[in-house]
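Observations on chain architecture
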2 protein chains.
Amino acid sequence: MSLLTAEDVYPSRMGDRPAILERRDPAIYGKNAGPLSSADLNHYRDNGFLLLENLFAAAEVAQMREDLGRIWQHSQGSQAPEVICEPGSDVVRSVFAVHESDQAFNRWSRDPRLLNAARQVLDSDVYVHQSRINFKPGFTGQEFYWHSDFETWHVEDGMPRMRALSCSIWLDDNFPYNGSLMVIPHSHQYFVACMGQTPKEHYKQSLRRQEYGVPDQDSLRWLVERDGILMPEAKAGAALLFDCNIMHGSNSNITPLARRNVFFVYNSVENQLVPPFSGAEPRPWFLAHRDPELVVL
Amino acid sequence: MSLLTAEDVYPSRMGDRPAILERRDPAIYGKNAGPLSSADLNHYRDNGFLLLENLFAAAEVAQMREDLGRIWQHSQGSQAPEVICEPGSDVVRSVFAVHESDQAFNRWSRDPRLLNAARQVLDSDVYVHQSRINFKPGFTGQEFYWHSDFETWHVEDGMPRMRALSCSIWLDDNFPYNGSLMVIPHSHQYFVACMGQTPKEHYKQSLRRQEYGVPDQDSLRWLVERDGILMPEAKAGAALLFDCNIMHGSNSNITPLARRNVFFVYNSVENQLVPPFSGAEPRPWFLAHRDPELVVL
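Read on for a plain summary of the structure.

Calculation rules
- Residues numbered from 1 in each chain as written.
- Chains lettered and ligands numbered in written order.
- Predicted model: local features only at pLDDT ≥ 70, side-chain atom pairs only at ≥ 80, totals over all residues.
- Heavy atoms only, no water.
- Helix = DSSP H or I, 4+ residues; strand = E, 2+ residues; numbered from the N terminus.
- Buried < 20%, exposed > 50% of the residue type's maximum accessible area, 1.4 Å probe, protein only.
- Lys, Arg positive; Asp, Glu negative; His and termini not counted.
- Salt bridge = Lys/Arg side-chain N within 4 Å of Asp/Glu carboxyl O.
- Polar contact = N/O pair within 3.5 Å; in protein donor to acceptor, adjacent residues only side chain to side chain.
- Contact = heavy atoms within 4.5 Å.
- 1 Å grid on protein atoms, 1.4 Å probe; cavity = no way out; pocket = protein on both sides within 12 Å on 5 of 7 lines; lining within 4 Å.
- Points joined across faces, edges and corners; volume = space filled by probe spheres on them.
- Nonpolar A, V, L, I, M, F, W, Y, C, P; charged D, E, K, R; others polar.
- Buried area = accessible area lost by both parts, 1.4 Å probe.
- Pairing = 2+ DSSP bridges.
- Axes fitted to C-alpha atoms, helices over the stretch in contact; angles between N-to-C directions.

**Some details on the side chain of R163 of chain A**
Residue and element names in this part refer to chain A. Looking at the element boundaries, R163 is found in the loop between α6 (149-157) and β7 (164-170). Although R163 is buried, it makes no salt bridge; D123 carries the closest opposite charge, 4.8 Å away. At 3.2 Å, the side chain of R163 forms a polar contact with the backbone oxygen of D123. The contacts of R163, once residues within four sequence positions are left out, are Y29, L122, D123, S124, C244, N267, S268, E270 and N271.

**Section: the pattern of salt bridges**
Side chains carrying opposite charge are able to pair once their charged atoms draw close together. Residues and elements named next belong to chain A. Under the defined criterion, the tally for this structure stands at 31 salt bridges over all chains. Linking R226 and D227 is a salt bridge whose minimum nitrogen-to-oxygen distance equals 3.8 Å. The exposure class assigned to R226 is partly exposed, which follows from its relative accessible area of 44%. Given the relative accessible area of 32%, D227 is considered partly exposed. A single salt-bridge network, built from bridges that share partners, covers R13, E151 and E156.

**Focus on empty space enclosed by the protein**
Residue and element names in this part refer to chain A. One pass over the structure, following the stated rule, counts four cavities of 30 Å³ or more. If you add up the space inside the largest cavity, you get close to 160 Å³. Elements with a contribution of two residues or more to the lining of the largest cavity: β5 (126-134), β6 (144-148), β7, β11 (247-250) and β12 (261-268). Take the lining of the largest cavity: its biggest share by element is three residues, from β11. When its residues are assigned to classes, the lining of the largest cavity shows five nonpolar, seven polar and two charged.

**Some words on the interface of chain A and chain B**
With 25 residues of chain A at the contact, the number on the chain B side is 25 residues. Contact between chain A and chain B buries roughly 2,100 Å² in total, counting both sides, with carbon and sulfur atoms accounting for 67%. Of all residues in chain A, F139, Y177 and I254 of chain A give up the largest surface area on contact with chain B, accounting jointly for 34% of the area buried on that side. If you look at where chain A meets chain B, you find zero salt bridges. Between chain A and chain B we count 11 residue pairs in polar contact (both at pLDDT 80 or more) in total.

**Quick look at the environment of P284 of chain A**
Residues and elements named next belong to chain A. Inspection of the secondary structure assignment puts P284 in the segment after β12. The exposure class of P284 is buried, given its relative accessible area of 19%. Expressed as a C-alpha distance, the spacing of P284 and Y203, which sit 81 residues apart in the sequence, is 9.1 Å.

**Some points on the sheet that holds strand β12 (residues 261-268) of chain B**
All names here are of chain B. Reading across the sheet, the seven strands line up as β2-β10-β7-β12-β5-β4-β3 and stay open at both edges, with antiparallel pairing between neighbours. The open sheet is flanked by β2 (49-52) and β3 (83-85), the only strands paired with a single partner. Each strand of the sheet is rotated relative to its neighbour by a mean of 20 degrees, with strand direction disregarded. Inspection of the sheet shows β2 paired to strand β10 (residues 239-243) by four bridges, in the antiparallel sense. Across the sheet, the residue bridging to F49 is F242, located in β10. Together, β2, β7 (164-170) and β10 form the strand contacts of helix α1 (residues 38-47), whose direction differs from that of β2 by roughly 135 degrees. Taken strand by strand, helix α2 (residues 58-75) contacts β3, β4 (92-96), β5 (126-134), β7 and β12, and its axis lies near 105 degrees from that of β4.

This is the structure:
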């Protein structure tokens, strides 16, 4: 496969009608040794996610919170493009590319527990496609509408196939009521092609509130009627591994309880980016690493 | 007590500092016979709410949904002041005073299961202070920020004391993920006096999104640290009885699963409204009934 003429096996945002396509890639690549058990791998394959409770010890969580507090301080009032505010306010919502801007998060992104799990699932070496912190603060945290990460990474960044895995490390207890992540189990086996085109520099708005690359309501109803919704609950220190194509989102958070998490996306070195399938310019470096030199793990 | 010179024992929106006052009224008035058991009454007294699962049979729920569907149809595009839309959209959020505008909901409001429970808790005859339907539609349902109903009813409507009970009848299953009601148990024992004044005709905005009569973050943290948050879960057909002063709210609902409910507020005939403690004009009839002729139950 030439990377420059890669076939678009997951067309999206091509017209005025949505569609649901079958996935054309495995969720688990190969049968490799690694930290995950057969039961873990089967759960991940069937559901599209795996919750690892207590993956990080209390002292590590405390350290990560301190590291995150430093990023929070530095981000206040920042005009850096990596710093994204909540819709309609100047409260910091997310900070991207923390594994590049911050030594501590660079180390966390290379933690062998995460890295070896990603290698095991994807059956190859991996690199960090994207990293970020989501602050989801108490009282004001806004929702993240339903989306497949892969849909955006494919259309706007040129990720050719579904061979990437996200890892969300939870720095607060996730309750049913503090805007916790919701997933539609098994939805990673379907690709929901979205309507509409992609406006130029769409990312400047979409990171606050997405308007394109949004799945239609009928497709979401279809997925939920088949497989329901799950809202994994666990204490701080858990990590959630999830497939790049699983449909997920979260409601707002009016409780006083923040729901901070650190997010690393591992992509297979066999799945490096090509020009975006939208035909537009690629998004900036802090959203999608394109330089093979960055494959340092 | 002269109703026209009622003492303001729960002052709020009087200045620039919030305060937490002890409740000066019982939650359960007297020890009356009725449909609720001693255990029910103790739970209500200690927590400020009581969940009655399966109070309405499946056929009754089906009938109520049909009644609600009729109201939904009539409300589309309506300019009636009783019809409230979601913030920033024309999706109908709530319709007030349905027990007056609709015969079926008038009958539901006089259902003896609700009425006798209200009489038992409040130890007197009761009347409907307010009724409404909340549609909380799928995909687009917005949050209801934390509030004590009593704070508003006291300041803006002139309800003198805490001797009223709300009943929410659930017409859809309430899951942790479809924007279900959250309560802070035991919070009904405290009155959180809010900051700021009340602008004229505040209700025209506040029913979509409240800006005054909003509890401050420190008081909410204090309440949650003491007693946590509960999110009662039950199937359609349940009813939640809750004290007029319990602190409650709900997050947004991006799931496809609507969370429709019917809401009747029963006030004791011993607690009829006086001029609003804000000093402003009373709010209109569909938000707070002021006419003793309406005490028809």
